Amino acid sequence: MRRLLAGLAAGLAAACAVGPSYHRPDLGVPDAWRPPSATADSLRPFYDSLRSSGESTLPQPTMSLDSVANLDWFDLLRDPELRKLVETALQQNRDVRVALASIDEFRAQYGVTRGALFPQLSVNGEGGTEKSVFGSLGAFKLDVVSATADLQWELDFWGRLRRATEAARADLLAREESRRAVVLTLVSDVATAYLELRELDLDLEISKRTLASNEETLRLARRRFDQGLISELDVRQFESEVANPAAKVADFERRIAQKENQLSVLVGRNPGVIPRGSELTETLAPLAIPAGLPASLIDRRPDVRQAEQQLHAAMARIGVAQGALLPTITLTGEYGTQSQDFSNLFKGSTEIYQLFGGVSIPIFTGGRVGKQVDVARARAAQARYSYEQTVLLALEEVNDALVGVRATRDVTAAQERQADALRSAFRLADRRYQNGISSYLEVLDAQRNLFTAELALAQARRLQLAAAVELYKALGGGWPVAVPDSLRR
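Residues numbered from 1 in each chain as written. Predicted model: local features only at pLDDT ≥ 70, side-chain atom pairs only at ≥ 80, totals over all residues. Heavy atoms only, no water.

### Quick word on the overall build of the protein
- Along its length, the protein carries ten helices and four strands.
- Per-residue burial for the protein yields a buried fraction of 40% across its 489 residues.
- In the protein, of all internal contacts separated by at least 6 residues, the share reaching a separation of at least 24 is 84%.
- Just so you have it, the protein exposes about 26300 Å², and 54% of that area is on carbon and sulfur atoms. (Helix = DSSP H or I, 4+ residues; strand = E, 2+ residues; numbered from the N terminus. Buried < 20%, exposed > 50% of the residue type's maximum accessible area, 1.4 Å probe, protein only. Contact = heavy atoms within 4.5 Å. Areas by Shrake-Rupley, 256 points an atom, 1.4 Å probe, with all protein chains shown as cover.)

What follows is the structure, encoded as structure tokens:
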């Protein structure tokens, strides 16, 4: 019996499985990303001169992008408080916990499906009394006690069960990639929200500084009015300029509180105050963009890998459906002992056994079994198109992120130059006004333009850093994959 079972297992393992085997489809992914436009190349010397001549507060790129995908998030995020927020989010965010529980479900389902490949053994025991009455012959009473080990095994000659196991394993791997996508999105969302919070902090600081400057200008204007040097119209104009930054202060304070609430939920805790760390410009490590970055880096993206595993599972289920059209061969057996009383149950003369082989051949099912193959093929086609679409979207996101990194870097350089120029213009206008050379309109225009430019510069700096986060996410970079064991219990 043991030799027979071992031989059958070896034969089944070597047999070919019904249905198509999976091979990664060739999607014609380009070897390089879309190059910059001709206009961007023509303006490159201009933007380079802005950065070289200006006093940029953002660190210059020191990291090549070909290593970005292998860069750990801890090296990218330099702000210690941001790192703490990310670590807390990985521990407490509910979406991550849901993803982990889902993986446990699919791992268990894989074990259930794989278990059908092996013989099913069970131990049974029973005992009782049977009495039969045969008319004048009298009554017969029989006491029976038995203990048996039962075997049931579906021989996977056609590979139907192996294809089902292959599909279940692909489902598990797809779920693992789904969890990586959740982690990738979570960490990038936390980083992006923190950058937005630090920009709002900077906007609030600029607004308060501008408000204080405008109030000081208004105080001087009132003194000049008392001395009869300017008209009341000048004073009213300066008063109106105080209202704009005052309204901005109130609005930025509201938005800061709302952003803190959003970040609190992302990290898995009740809405509250978020601690601050480094300045906005020191939050992330800078990124450089080398030429010829291979588009094959999208293979690292969890959504692409998940879509491929889903295609793998769908193709394996074609074999499962085709296997249902073929004969099902089963092996059943029983071995044990039987006696009229328990004391003689395990003596050699009480041995019983049986071994049967069975075959079930589908003859007529009204087309139900055959149509299951059509269903599986249609689902595999859907998975193939979904995989192709996922790759196209990944290429789009990476190209958009590359364009964003280039463009925001240039925008920041231009905004820094504009802000520097307007600061000088405001100082000159204020000095000329106090000396009676120019009118109050020059001062008001200079104040207004400088306030707008400083807010735009804060936004440009945040967008430049956010573009780096977006590029890192688009490349499926080295966000943490390992999750503490405490979350798996």
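So, next bit.
### Regarding empty space enclosed by the protein
- All chains considered together, the criterion is met by four cavities of 30 Å³ or more.
- Looking at the second largest cavity, its volume works out to about 60 Å³.
- What lines the second largest cavity is Glu154, Leu155, Asp156, Phe157, Trp158, Arg160, Gly323, Leu326, Pro327, Thr328 and Ile329.
- Every element with two or more residues in the lining of the second largest cavity is listed here: strand E2 (139–155) and strand E3 (328–339).
- Partitioning the lining of the second largest cavity into residue classes produces six nonpolar, two polar and three charged. (1 Å grid on protein atoms, 1.4 Å probe; cavity = no way out; pocket = protein on both sides within 12 Å on 5 of 7 lines; lining within 4 Å. Points joined across faces, edges and corners; volume = space filled by probe spheres on them. Nonpolar A, V, L, I, M, F, W, Y, C, P; charged D, E, K, R; others polar.)

### So, helix H5 (residues 94–115)
- The terminal C-alpha atoms of H5, which comprises 22 residues, lie 32 Å apart, in line with the 32 Å expected from a rise of 1.5 Å per residue.
- Of the residues making up H5, those classed as buried are Val96, Ala99, Leu100, Ser102, Ile103 and Thr113. Along the long axis of H5, the arc covered by the buried residues comes to 160°, so they all point the same way. Structural note: H5 exposes Arg94, Val98, Glu105 and Val112 on the side pointing more than 90 degrees away from its buried face.
- Here the buried face of H5 lies against helix H4 (80–92) and helix H6 (160–226).
- Two to three positions downstream of the cap, the backbone nitrogen of aspartate 95 sits 2.9 Å from a side-chain oxygen, assigning the N-cap of H5 to asparagine 93. (Expected span 1.5 Å × (residues − 1). Arc of directions from axis to C-beta. Polar contact = N/O pair within 3.5 Å; in protein donor to acceptor, adjacent residues only side chain to side chain.)

### Some thoughts on the packing of aromatic side chains
- Scanning the entire structure with this criterion turns up one aromatic pair.
- Centre to centre, the rings of phenylalanine 157 and tryptophan 158 are 6.3 Å apart; their planes meet at 50°, and the pair counts as tilted. (Phe/Tyr/Trp six-rings, centres within 6.5 Å; stacked < 30°, edge-to-face > 60°.)

### Things to note about the packing of H6 against helix H7 (residues 232–266)
- The geometry of H6 relative to H7 is characterised by a closest axis approach of 8 Å and an angle of 160° between their N-to-C directions. Compared by their axis directions, H6 and H7 come out roughly antiparallel. Of the two elements, H6 crosses H7, and the hand of that crossing is left-handed.
- Within the contact of H6 with H7, the residues separate by chemical class into 21 nonpolar, five polar and 15 charged. (Axes fitted to C-alpha atoms, helices over the stretch in contact; angles between N-to-C directions. Parallel < 35°, antiparallel > 145°, perpendicular 65-115°, else oblique. Left-handed = near helix turned anticlockwise from the far one by under 90°.)

### Remarks on the packing of H4 against H6
- Taken N-terminus to C-terminus, the directions of H4 and H6 make an angle of 145°; their axes are 10 Å apart at the nearest point. Judged by the sense of rotation from one axis to the other, the crossing of H4 with H6 is right-handed. Across the interface between the two elements, Glu81, Leu82, Leu85, Val86, Ala89 and Leu90 of H4 pack against Val183, Leu186, Val187, Val190, Ala191 and Tyr194 of H6.

### Digging into the nonpolar core
- If you look at the biggest cluster of nonpolar residues, it comprises 56 residues, and the most contacted ones within it are Leu82, Val190 and Phe238.
- For this core, the elements supplying multiple residues, two or more each, are H4, H5, H6, H7, helix H9 (368–434) and helix H10 (440–474).
- With 16 residues, the top contributor of residues to this core is H6. (Core = buried A, V, L, I, M, F, W, Y, C linked by side-chain atoms within 4.5 Å.)

### Thoughts on the confidence of the model for the protein
- Here the protein averages 81 in pLDDT, and 79% of its residues register 70 or above.
- A low-confidence stretch, residues 61–67 (pLDDT under 50), is modelled with 19 contacts involving residues beyond four sequence positions or located in other chains.
- Note on residues 479–489: pLDDT is under 50 here. Beyond four places in sequence and across chains, it has 25 contacts. (pLDDT = per-residue confidence, 0-100.)

### Here we look at the pattern of salt bridges
- The tally for this structure, following the rule as stated, stands at 33 salt bridges.
- Between arginine 276 and aspartate 201 there is a salt bridge, with its nearest N and O atoms 2.6 Å apart. Here the residue arginine 276 occupies a position in the loop between H7 and helix H8 (302–323), and aspartate 201 occupies one in helix H6, the gap between them amounting to 75 residues.
- Owing to a relative accessible area of 17%, aspartate 201 belongs among the buried residues under this scheme.
- A salt bridge links aspartate 374 to lysine 371, with the shortest nitrogen-to-oxygen separation between them at 3.7 Å. In this pair, aspartate 374 and lysine 371 are both assigned in helix H9, three residues apart and thus about one turn of the helix distant. (Salt bridge = Lys/Arg side-chain N within 4 Å of Asp/Glu carboxyl O.)

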